[in-house]
Amino acid sequence: MKVAIIMGSDSDLPIMQDAIDILNEFGIENEVDIVSAHRTPEKLVEFSNNAHLRGVSVIIAGAGGAAHLPGMVASMSPLPVIGVPVKSRNSIDGWDSVLSILQMPGGVPVATVALDGAKNAGILAAQIIGASNPEVLNTIIAYKQSLKEKVIAASERVRKA
């Protein structure tokens, strides 16, 4: 069980680092690479056609601007793809990225998280893996419980103030 995290450019890494960090926190193996839909189309095809043969279970693909990377990967790979729209310097407030990833044609699904939402992409990838892996499922359960406990503690602090 492994998650591949790809992005169109190294400028996307600060955003995609959140997915890497949460997967590492959950103890889920991940591989990270730059695969540009527009500048390295041959690498995109090779990656998309072969990721499942390398033991990848889920692909997280982050891209800004026209953001074709997640959809192109989803068109060729049998694996679930989670798209992370990235607000990049060449982006129109990120909306171009959001809509490019969100508006996929029937038959080519891409799960899409919020703009710059790589952490949620990592959590979603873990949940997908956890559906068939009890160890990862228990990690997700514990994580969600910790979120609940943080909110309860904050609530108590606020009410006492």
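Cut-offs applied
- One numbering rule holds for all chains: residues counted from 1, following each sequence as written.
- Whole-chain, interface and lining totals are the exception, using all residues; otherwise, since this is a predicted model, local features are given only for residues with pLDDT of at least 70 and side-chain atom pairs are given and counted only at 80 or more.
- As a convention, hydrogens and water are excluded, and side-chain values are obtained from all of the structure's heavy atoms.
- Helix and strand labels come from DSSP, where a helix needs a run of H or I of at least four residues and a strand needs a run of E of at least two; each type is numbered from the N terminus.
- For a compact globule the rule gives 2.2 Å times the number of residues to the power 0.38, and the radius of gyration it is set against comes from C-alpha atoms.
- Relative accessibility decides the category of a residue: with a 1.4 Å probe and only protein chains considered, values under 20% of the type maximum give buried, values over 50% give exposed, and everything between is partly exposed.
- Per-residue and other accessible areas were derived by the Shrake-Rupley procedure at a 1.4 Å probe size, with only the shown protein chains allowed to occlude residues.
- As used throughout, the charge tally considers Lys and Arg to be positive and Asp and Glu to be negative, leaving His and the chain termini uncounted.
- Where a charge lies is defined by one atom per residue type, namely NZ (Lys), CZ (Arg), CG (Asp) and CD (Glu).
- Think of a 1 Å grid over the protein atoms and nothing else: a 1.4 Å probe that fits but is trapped marks a cavity, an open set flanked by protein within 12 Å on at least five of seven lines marks a pocket, and residues with an atom within 4 Å of a point count as lining.
- Grid points are joined across faces, edges and corners, and a volume is the space filled by probe spheres set on the points.
- As a working rule, the residues Ala, Val, Leu, Ile, Met, Phe, Trp, Tyr, Cys and Pro are called nonpolar, Asp, Glu, Lys and Arg charged, and the rest polar, with Gly in that last group.
- We call two residues in contact when some of their heavy atoms are within 4.5 Å.
- Throughout this description, the term nonpolar core refers to a set of buried Ala, Val, Leu, Ile, Met, Phe, Trp, Tyr and Cys residues connected via side-chain atoms within 4.5 Å.
- Criterion used throughout: strands pair if DSSP finds at least two bridges between them.
- Look down the strands so they point away from you; if the path from the first strand over the helix to the second goes clockwise, the crossover is right-handed.

Colleague: Break down the overall build of the protein for me, with residues and values.
Modeller: The number of helices and strands found in the protein is six helices and five strands. On C-alpha atoms alone, the protein measures out to a radius of gyration of 17 Å, which is about the 15 Å that the 2.2 N^0.38 rule sets for 161 residues. Burial statistics for the protein: of 161 residues in total, 43% are counted as buried. Total accessible area on the protein is roughly 8,500 Å²; 56% of this is exposed by carbon and sulfur atoms. Placing the 13 positive and 16 negative side-chain charges of the protein at their respective mean positions leaves the two points 9 Å apart.

Colleague: Give me the lowdown on the layout of surface pockets, citing residues and values where you can.
Modeller: One number sums up the size of the largest pocket: a volume of about 390 Å³. Around the largest pocket, the lining comprises 21 residues; the ones closest to its centre are Ser9, Asp12, Arg39, Gly64 and Asn90. Here the lining of the largest pocket is composed, by residue class, of seven nonpolar, 10 polar and four charged.

Colleague: Break down helix H3 (residues 69-76) for me, with residues and values.
Modeller: Among the residues of H3, Leu69, Pro70, Gly71, Val73 and Ala74 are the ones counted as buried. Of the surrounding secondary structure, the elements contacted by the buried residues of H3 are strand S1 (2-7), helix H2 (41-50), strand S3 (56-64), strand S4 (81-86) and helix H4 (95-102).

Colleague: So what about the nonpolar core? Which residues, and what values?
Modeller: Formed by 25 residues in total, the largest nonpolar core has its most connected members in Val3, Ile5, Phe26, Ile28, Ile60 and Val84. Those elements that provide at least two residues to this core are S1, helix H1 (13-25), S3, S4, helix H5 (118-130) and helix H6 (134-160). In terms of residue count, the dominant contributor to this core is H5 (six residues). When near neighbours in sequence (up to four residues on either side) are disregarded, Ile28 contacts Val3, Leu23, Ala126, Ile129 and Val136.

Colleague: Can you lay out the pairing of S4 for me, pointing to particular residues and giving the numbers?
Modeller: Regular strands place side chains that alternate from one sheet face to the opposite one. Summarising burial for S4: six of the six residues are buried, a large majority. Of the pairings in the sheet, the one linking S3 to S4 comprises six bridges and is parallel in character. Of the residues in S4, the one forming a bridge with Gly64 is Val86. Following the chain from S3 across H3 to the adjacent parallel S4, one finds a crossover that is right-handed. Two strands pair when backbone bridges link them, and S4 and strand S5 (residues 111-112) are joined in this way by two bridges, in the parallel orientation. Bridging from a neighbouring strand, Gly83 pairs with Thr112 of S5. Each parallel crossover has a hand, and for S4 linked through H4 to S5 it is right-handed.

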